[in-house]
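# Fold and contact review
Single-letter residue listing:
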Amino acid sequence: MSLKGKTAVITGSNSGIGLGIARELARAGADVVLNSFTDRAEDHELASQLAAEFGVGAHYIQADMSKGSECRALIEQAGACDILVNNAGIQHVAPIESFPEEKWDAIIAINMSSAYHTMAAALPKMRAAGWGRIVNIASAHGLTASPYKSAYVAAKHGVVGMTKTVALETAEEPITCNAICPGYVLTPLVEAQIPDTMEKYNMSREDVVKKVMLERQPSREFATVEQMGGTTVFLCSDAAAQITGTTISVDGGWTAL
Ligand code: NAD
């Protein structure tokens with residue numbers, strides 16, 4: 001599968017799943033645009049490393065996905081946008097009656113509304129190019145719920161609904177729009193939660209991973225960022241040209257329960 005000549009914009013891609021997806025798209029030959037809200041030398045360095053490793057065009061654009069105008073500016077500044085991966089996301093866990101309003105607003109903005117703004121800005125470019133692929137990174141929480149994650153679950157269900165809607169709006173065009181629903185993926189964000197949980201429950205690292213984190217993931221294994229990247233590359237392939245408006249779970253069986 002070669003994505004040579006295609007340009008991919010991946011939101012929230014200076015770490016974790018977004019960076020894993022950018023790497024696999026670059027490995028497949030796509031030029032990549034990395035993004036986050038920071039503007040550090042190491043962010044730009046990540047893009048240089050991808051360019052050197054895979055021989056593709058790569059650059060980093062700072063844009064805060066909590067702000068609609070910056071979401072749209074990212075797509076404008078990217079130039080071409082044949083592949084759009086909406087990945088930026090944050091989490092906050094609290095019962096709904098004490099869920100901080102600013103966290104609710106931030107999660108809805110970054111995890112859901114950003115995809116509305118980027119898709120609205122990217123679709124005219126895809127139509128002009130005569131080809132487009134949109135991959136929205138939802139979650140197992142786009143299909144099912146957990147307590148204390150009201151904003152995250154609402155946003156991810158919203159992303160799944162928006163994905164279906166945009167797929168219908170583009171159904172007669174060479175553009176597809178799908179969502180990937182990961183289960184637990186071992187990213188720096190998740191890794192950072194392990195020591196605290198070990199201390200809280202007086203458990204070994206192995207017990208925290210298997211009995212706390214992967215309790216709902218029947219495979220009892222984390223999914224990987226490379227698997228998210230590989231699934232994204234598949235959705236960009238010709239084999240996936242008739243796959244649109246769907247969700248692909250990469251969750252070790254979580255949503256089969
Ligand atoms: P992560 O924290 O490693 O990555 C999140 C990315 O989003 C980072 O690059 C961060 O800089 C970026 N980001 C955060 N706020 C932003 C903002 N305002 N503007 C621009 N970028 C911003 O976490 P991750 O685990 O890689 O999560 C990536 C996506 O995958 C999220 O949408 C998350 O909900 C989803 N997801 C993760 C898991 C998991 O187990 N790790 C499971 C299901 C879904």
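Notes on the structure in this doc start here. (Residues numbered from 1 in each chain as written. Predicted model: local features only at pLDDT ≥ 70, side-chain atom pairs only at ≥ 80, totals over all residues. Heavy atoms only, no water.)

### Brief notes about the sheet that holds strand β6 (residues 175-182)
To summarise the sheet geometry, strands pair through backbone hydrogen bonds and adopt either a parallel or an antiparallel arrangement. Selection criterion: The rule for pairing is simple: two strands pair if DSSP sees at least two bridges between them. Secondary structure elements follow DSSP: runs of H or I no shorter than four residues count as helices, runs of E no shorter than two count as strands, and numbering proceeds from the N terminus. To obtain an axis, a line is fitted to C-alpha atoms, over the contacting stretch when the element is a helix, and the angle between two such axes runs from 0 to 180 degrees between their N-to-C directions. What makes two residues a contact is simply this: any of their non-hydrogen atoms within 4.5 Å.
Reading across the sheet, the 7 strands line up as β3-β2-β1-β4-β5-β6-β7 and stay open at both edges, with parallel pairing between neighbours. With partners counted over all chains shown, the strands left at the sheet margins are β3 (58-62) and β7 (247-250), one partner each. Each strand of the sheet is rotated relative to its neighbour by a mean of 20 degrees, with strand direction disregarded. Two elements, β6 and β7, share 4 bridges in a ladder whose sense is parallel. Paired with P182 across the strands is V250, a residue of β7. Contacting β5 (132-137), β6 and β7, helix α5 (residues 150-169) crosses the sheet at an angle of about 160 degrees to β6.

### Description of the packing of aromatic side chains
Condition: Aromatic rings from Phe, Tyr and Trp, taking only the six-membered ring of Trp, are treated as a pair when their centres fall within 6.5 Å; an angle between ring planes under 30 degrees marks them as stacked, one over 60 as edge-to-face, and anything in between as tilted. Note on classification: 1.4 Å probe, protein chains only; a residue is buried when its accessible area is under 20% of the maximum for its type, exposed when over 50%, partly exposed between these limits. We call a charge positioned above a ring when the Lys NZ or Arg CZ atom is no farther than 6 Å from the ring centre and deviates by at most 35 degrees from the ring normal.
Scanning all chains against the criterion turns up 2 aromatic pairs. Taking the centre distance of 6.2 Å and the plane angle of 80 degrees together, the rings of Y184 and F222 count as edge-to-face. Placement of Y184 in the loop between β6 and α6 (188-191) and of F222 in the loop between α8 (205-212) and α9 (225-235) is noted, with a sequence separation of 38 residues between them. Residue F222 is classed as buried on the basis of its relative accessible area of 17%. For the cation-ring pair, R72 lies above Y116, with the distance from its terminal atom to the ring centre recorded as 5.3 Å.

### Quick word on the pattern of salt bridges
Should the charged atoms of two oppositely charged side chains come close, the side chains can pair. Basically, it comes down to this: A pair is scored as a salt bridge if a Lys or Arg side-chain nitrogen falls within 4 Å of a carboxyl oxygen belonging to Asp or Glu.
Within the structure shown, the criterion is met by 9 salt bridges. A salt bridge links E53 to R23, with the shortest nitrogen-to-oxygen separation between them at 2.8 Å. Highlighted residues: E53 in helix α2 (residues 41-54) and R23 in helix α1 (residues 16-27), separated in sequence by 30 residues. Take E53: its relative accessible area is 46%, and that puts it in the partly exposed class. The closest approach of N and O atoms between D64 and K67, which form a salt bridge, is 3.1 Å. In this structure, a network of salt bridges that share partners links the residues R40, E42 and D43.

### Considering unusual backbone geometry
Trans peptide bonds make up most of the peptide bonds, and negative phi angles are found at most residues other than glycine. A positive phi angle is found at Y148, which is not glycine, with a value near 75 degrees. Unlike most non-glycine residues, R220 shows phi in positive territory, near 55 degrees. Along the polypeptide, R220 turns up in the loop between α8 and α9.

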